[in-house]
Amino acid sequence: MPRACLLCGASAKDCGLCPGCRAALPESTGPRCPVCASPTPTASLCGRCIKRPPKYDYVVSALDYIAPVDFLVADLKYSHNLAAARTLAAPLALRLEQELYPDIVLPMPIASSRLRERGFNQAAEIARHACAEFGLRLSPDLAQRISAGVSQTSLPWADRARNVRGAFRCQADLAGQTVAVVDDVITTGATLNELATVLKRAGADKVVGWIVARTPPQR
Ligand SMILES: [Zn+2]
Ligand SMILES: [Zn+2]
């Protein structure tokens, strides 16, 4: 681990941040939709989850996907700074202390073409750190991403569900299992929803999202 804070260069703790930058991370606080973790005025179901109930059961999200979390995610994914995985995993691990242990922990699969180009799956790196202290083993091969599609971030929100349709495959028998899917960011939830559809078709009883950061709603 570097000794310098990933954000300001001051002397850093284990998580890769100095105490000041760690304390200033934008935690997901306030009332949230109990399913998708979007902010709602009274912690009731949000309009989108009422209109189209997701296939996943619910999402736990530790941070808001705003500065400097967006920088840390980009540092990991695009600058290949693996130290940022541990930094992002730390606040997620804190949230997981209140979670029931799932039968299976599945890092969000990425397409083999993307894995080749990046050299690692950022969700697997985050999951490894976030789950270490709970003694949870990862099952990264339980499902595969069989089509890369274009990057979700390049698309308008309304087009994202179509972009990931048919993107995953699961050949395991998940009868009665609870699966926790770990990922870095949730925005529309379309990718998690598509994966949850496939996992439930394979028999999964429950699918929950363990996500580092949630994108705030579009204005
Ligand atoms: Zn700092
Ligand atoms: Zn919702």
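Residues numbered from 1 in each chain as written. Chains lettered and ligands numbered in written order. Predicted model: local features only at pLDDT ≥ 70, side-chain atom pairs only at ≥ 80, totals over all residues. Heavy atoms only, no water.

Q: Kindly report on the environment of Pro-91, identifying the contributing residues and their values.
A: Mapping Pro-91 onto the fold places it in helix α4 (residues 83–96). Residues Pro-91 and Cys-21, 70 residues apart in the sequence, show an inter-C-alpha distance of 13 Å. (Helix = DSSP H or I, 4+ residues; strand = E, 2+ residues; numbered from the N terminus.)

Q: Residue-level account of the coordination of the zinc ion (ligand 2), with values.
A: All of the protein donors around the zinc ion (ligand 2) are Cys-33 (SG), Cys-36 (SG), Cys-46 (SG) and Cys-49 (SG); their distances to the metal are 2.3 Å. Coordination at the zinc ion (ligand 2) is tetrahedral, judged from the four donor atoms that bind it and the angles of 104 to 116° they form at the metal. A residue is classified by how much of its surface remains accessible, and Cys-36, at 5% relative accessible area, is buried. Cys-46 sits in the buried class, given a relative accessible area of 11%. (Donors = N, O, S within 2.8 Å, 3.2 Å for Na, K, Ca; no water. Tetrahedral: all angles 85-135°; square planar, octahedral: opposite > 155°, others 65-115°. Buried < 20%, exposed > 50% of the residue type's maximum accessible area, 1.4 Å probe, protein only.)

Q: Explain the sheet that holds strand β2 (residues 104–107) residue by residue, including any values.
A: Here we have four strands laid out as an open sheet, ordered β1-β6-β5-β2, and parallel in their pairing. The open sheet has two free edges, formed respectively by β1 (58–64) and β2, since each of these has just one partner strand. Neighbour to neighbour, the strand axes of the sheet diverge by 20° on average, direction disregarded. Where β2 lies against strand β5 (residues 178–186), four bridges are found, and the strand directions are parallel. Paired with Pro-107 across the two strands is Val-182, which belongs to β5. Its contacts with the sheet place helix α6 (residues 122–132) against β2, β5 and β6 (206–214), and it is angled at close to 115° to β5. (Pairing = 2+ DSSP bridges. Axes fitted to C-alpha atoms, helices over the stretch in contact; angles between N-to-C directions. Contact = heavy atoms within 4.5 Å.)

Q: Hey, could you go over the packing of helix α3 (residues 69–77) against α4 for me, with residue numbers and the actual values?
A: At a closest axis distance of 8 Å, the pairing of α3 and α4 adopts a crossing angle of 140°. Accordingly, the angle class assigned to the pair α3 and α4 is oblique. α3 and α4 meet at a crossing whose hand is left-handed. Between α3 and α4, the contacting residues are Val-69, Leu-72, Val-73, Asp-75 and Leu-76 on the first element and Ala-84, Ala-85, Thr-87 and Leu-88 on the second. Taken together, the residues that form the contact of α3 with α4 break down as seven nonpolar, one polar and one charged. (Parallel < 35°, antiparallel > 145°, perpendicular 65-115°, else oblique. Left-handed = near helix turned anticlockwise from the far one by under 90°. Nonpolar A, V, L, I, M, F, W, Y, C, P; charged D, E, K, R; others polar.)

In short, the description is geometric, and any link to function would need to be established separately.
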